[in-house]
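Chains, contacts and geometry: an overview
What follows is the residue order along each chain.
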Amino acid sequence: MTGLKDHFLKRIEATGPMTLAAYMAECLMHPAHGYYQQQAVFGTEGDFTTAPEVSQMFGEMIGLWLADRWIKMDRPNPVNLIELGPGRGTLMADILRAVEPVEDFSAAVQVHFVEASQQLRAAQAERVPNAQWHDTLAQVPEAPDVPSLIIANEFFDALPIHQYEKTGGKWVERMVGVVAKDEDSALALVGGPCGPQFSLVDEAIKAGPEGSIAEVCPAALSIIGDISERLNTHGGAALAVDYGYRKTAAGDTFQALRKHEFTDPLAAPGEADLTAHVNFELLKAAATEKGLKAYGPAMQGMFLMAIGLGARAQVLASQGDEAFQAAILSDLKRLTATDQMGTLFKVLALQPHELPPPPGF
Ligand code: SAH
């Protein structure tokens with residue numbers, strides 16, 4: 001039994017079932033046993049591979065996108081470069097290398113990481129030693145005339161969600177409870193009264209058929225609120241890349257990934273990555289409501305090709321032998337093909353209305 005499972009069983013037996021959001025947050029970030037407190041989660045050895053871990057080209061293209069925004073903002077110095085959930089720091093290292101030739105940009109940039117995991121902070125420090133670390137976006141210092149460029153790749157999908165189910169004509173919140181199984185105790189989904197976050201569920205979904213599942217992610221909306229406030233006050237631009245859907249829809253997207261395989265999210269808490277698909281329509285609406293202009297979500301494949309990934313791949317491939325060229329082509333496909341990361345992953349840009357439209361949309 002994992003340390004976390006024991007902890008949950010005791011807690012639920014003492015105080016009753018917990019919301020899926022509370023379960024997800026603790027599974028990922030519990031100080032001793034949380035999933036992200038361990039380092040070996042990324043890459044072929046770990047549980048999942050993200051775009052920056054697939055290829056340096058991903059970070060390079062994002063870097064050039066950011067440099068374009070900086071130039072369109074009239075080259076502010078200093079400028080905050082903020083990454084939410086930087087993982088191993090690979091994306092930021094690739095961004096910083098790619099923007100070196102952009103005159104004065106590297107010198108103007110102050111790198112801030114928003115990272116909850118102490119283990120991952122250590123990994124990030126190896127790749128980007130000059131960064132500053134914060135627990136939340138709100139804690140990144142603000143100063144007049146210092147705009148922020150904000151990037152988040154596979155960050156929003158890790159934020160805790162609430163789930164509801166329509167059963168017997170009524171909505172219940174899906175909670176994690178304890179059931180007896182093979183003379184032992186196991187974690188299982190049980191129904192409970194809907195908490196206040198149920199008000200975030202779309203009215204059309206509430207009116208849906210028996211058995212419908214609804215999901216909401218209040219933490220994501222709150223971070224969009226913080227991004228909006230920062231960009232409205234000091235200027236800048238934000239880019240969020242994640243897997244998710246364009247239009248609000250009913251359905252269960254809560255999933256667990258372990259060693260590149262889907263597994264039961266309740267089976268081994270703390271040992272699998274837990275995520276939910278991102279509702280881009282809601283994120284976009286939240287930012288628009290706060291006065292920002294939103295672009296996208298564009299399909300990742302289309303976005304990357306539109307900002308020059310094809311040309312970059314060609315240049316890179318020409319520097320190596322045949323095997324290297326084949327590897328670059330395979331990475332390019334992985335990032336852009338519709339049956340790989342090209343369409344499931346989407347890109348949303350947010351910025352104040354005054355800034356000229358960003359490339360790639
Ligand atoms: N962006 C990286 C890592 C994605 S995994 C990449 O693309 O490879 C999610 C990252 O978000 C991890 O670094 C994780 O520790 C961090 N994270 C998850 N929830 C967080 C939260 N609530 N606050 C801060 N960081 C969080």
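Relevant structure appears above.
Residues numbered from 1 in each chain as written. Predicted model: local features only at pLDDT ≥ 70, side-chain atom pairs only at ≥ 80, totals over all residues. Heavy atoms only, no water.

Close approach of charged atoms lets side chains of opposite charge pair. The final tally for this structure, using the stated rule, is 14 salt bridges. Among the salt bridges present, the one from Arg97 reaches Glu60, with a minimum N-O distance of 3.0 Å. Here Glu60 lies in helix α4 (residues 56-72) and Arg97 lies in helix α5 (residues 90-99), a separation of 37 residues in the sequence. Of the residues examined, Glu60 reaches a relative accessible area of 6% and is grouped as buried. Because the salt bridges share partners, they merge into one network encompassing Glu60, Asp94, Arg97 and Arg312. (Salt bridge = Lys/Arg side-chain N within 4 Å of Asp/Glu carboxyl O. Helix = DSSP H or I, 4+ residues; strand = E, 2+ residues; numbered from the N terminus. Buried < 20%, exposed > 50% of the residue type's maximum accessible area, 1.4 Å probe, protein only.)

On to the packing of aromatic side chains, then. The tally for this structure, following the rule as stated, stands at 10 aromatic pairs. With 5.2 Å between their ring centres and 70° between their planes, Tyr243 and Phe345 make a pair best called edge-to-face. Taken as a pair, Tyr243 in strand β10 (residues 236-245) and Phe345 in strand β16 (residues 345-351) lie far apart in primary sequence, 102 residues in all. Here the two residues Tyr243 and Phe345 agree in accessibility, since each one is buried. (Phe/Tyr/Trp six-rings, centres within 6.5 Å; stacked < 30°, edge-to-face > 60°.)

One turn of the α-helix equals 3.6 residues, which is why residues spaced by three or four share an orientation. Burial runs high along helix α2 (residues 20-29): 7 of the 10 residues are buried. Leu20, Ala21, Tyr23, Met24, Glu26, Cys27 and Leu28 are the residues of α2 that are buried. Residues of α2 that are buried make contact with α1 (3-15), β1 (18-19), β6 (162-167), β7 (170-181), β8 (184-192) and β13 (273-275). (Contact = heavy atoms within 4.5 Å.)

Here α4 crosses α5 at 55°, and the two axes come no closer than 7 Å. By the criterion of interaxial angle, the relationship of α4 to α5 is oblique. For the element pair α4 and α5, the recorded crossing hand is right-handed. The residues of α5 that touch α4, namely those facing Gln56, Phe58, Gly59, Glu60, Ile62, Gly63, Leu64, Leu66 and Ala67, are Leu91, Asp94, Ile95, Arg97, Ala98 and Val99. (Axes fitted to C-alpha atoms, helices over the stretch in contact; angles between N-to-C directions. Parallel < 35°, antiparallel > 145°, perpendicular 65-115°, else oblique. Left-handed = near helix turned anticlockwise from the far one by under 90°.)

Bringing the packing of α1 against α2 into the picture now. Interaxial distance between α1 and α2 falls to 11 Å at its minimum, and their mutual angle equals 150°. For the element pair α1 / α2, the angle class is roughly antiparallel. Note on packing geometry: the crossing formed by α1 with α2 is right-handed. In this structure, α1 uses Leu4, His7, Phe8 and Arg11 to contact α2, whose residues at the interface are Ala22, Tyr23, Glu26 and Cys27. Its residues assigned to classes, the contact of α1 with α2 comprises 5 nonpolar, 1 polar and 2 charged. (Nonpolar A, V, L, I, M, F, W, Y, C, P; charged D, E, K, R; others polar.)

With that settled, consider unusual backbone geometry. In this structure, Pro78 follows Asn77 across a cis peptide bond, with omega equal to 5°. The omega torsion of the bond from Gly296 to Pro297 falls at 5°, within 30 degrees of zero and hence cis. With phi around 65°, His260 is a residue other than glycine that occupies positive phi space. The topology assignment puts His260 in the loop between β11 (255-258) and β12 (261-263).

The strand order across the open sheet built from 3 strands is β12-β11-β13, with neighbouring strands paired in antiparallel fashion. Each edge of the open sheet carries a strand with a single partner, namely β12 and β13. Taken pair by pair, the neighbouring strands of this sheet meet at an average axis angle of 40°, ignoring direction. Across 3 bridges, the pairing between β11 and β12 is antiparallel. What sits directly across from Arg258, in β12, is Glu261. (Pairing = 2+ DSSP bridges.)

Okay, the site of the ligand next. Lining the immediate surroundings of the ligand are 19 residues, of which Thr50, Gly85, Gly87, Glu115 and Asn153 lie closest. In this structure, an oxygen atom belonging to the ligand sits 2.5 Å away from a side-chain N or O atom of Glu115. With respect to the ligand, the side chain of Asn153 contributes an N or O atom lying 2.7 Å from an oxygen atom. Bound to the protein, the ligand loses 91% of the 570 Å² it would expose on its own. Applying the majority rule of atoms within 2 Å of the grid points places the ligand in the largest pocket. (Near = heavy atom within 4 Å. Polar contact = N/O pair within 3.5 Å; in protein donor to acceptor, adjacent residues only side chain to side chain. Areas by Shrake-Rupley, 256 points an atom, 1.4 Å probe, with all protein chains shown as cover. 1 Å grid on protein atoms, 1.4 Å probe; cavity = no way out; pocket = protein on both sides within 12 Å on 5 of 7 lines; lining within 4 Å. Sits in = over half its atoms within 2 Å of the grid points.)

What follows deals with the pairing of β16. In terms of residue burial, β16 counts as a mostly covered element, since 7 of its 7 residues are buried. The two faces of β16 match: Phe345, Val347, Ala349 and Gln351 on one face and Lys346, Leu348 and Leu350 on the other face are all buried. Summarising the sheet, β10 and β16 pair through 6 bridges and their orientation is antiparallel. Bridged to Ala238 within β16 is Leu350. In this structure, strand β15 (residues 293-299) lies alongside β16, joined through 5 bridges in antiparallel fashion. Looking at the pairing, Met299 lines up with Lys346 of β16.

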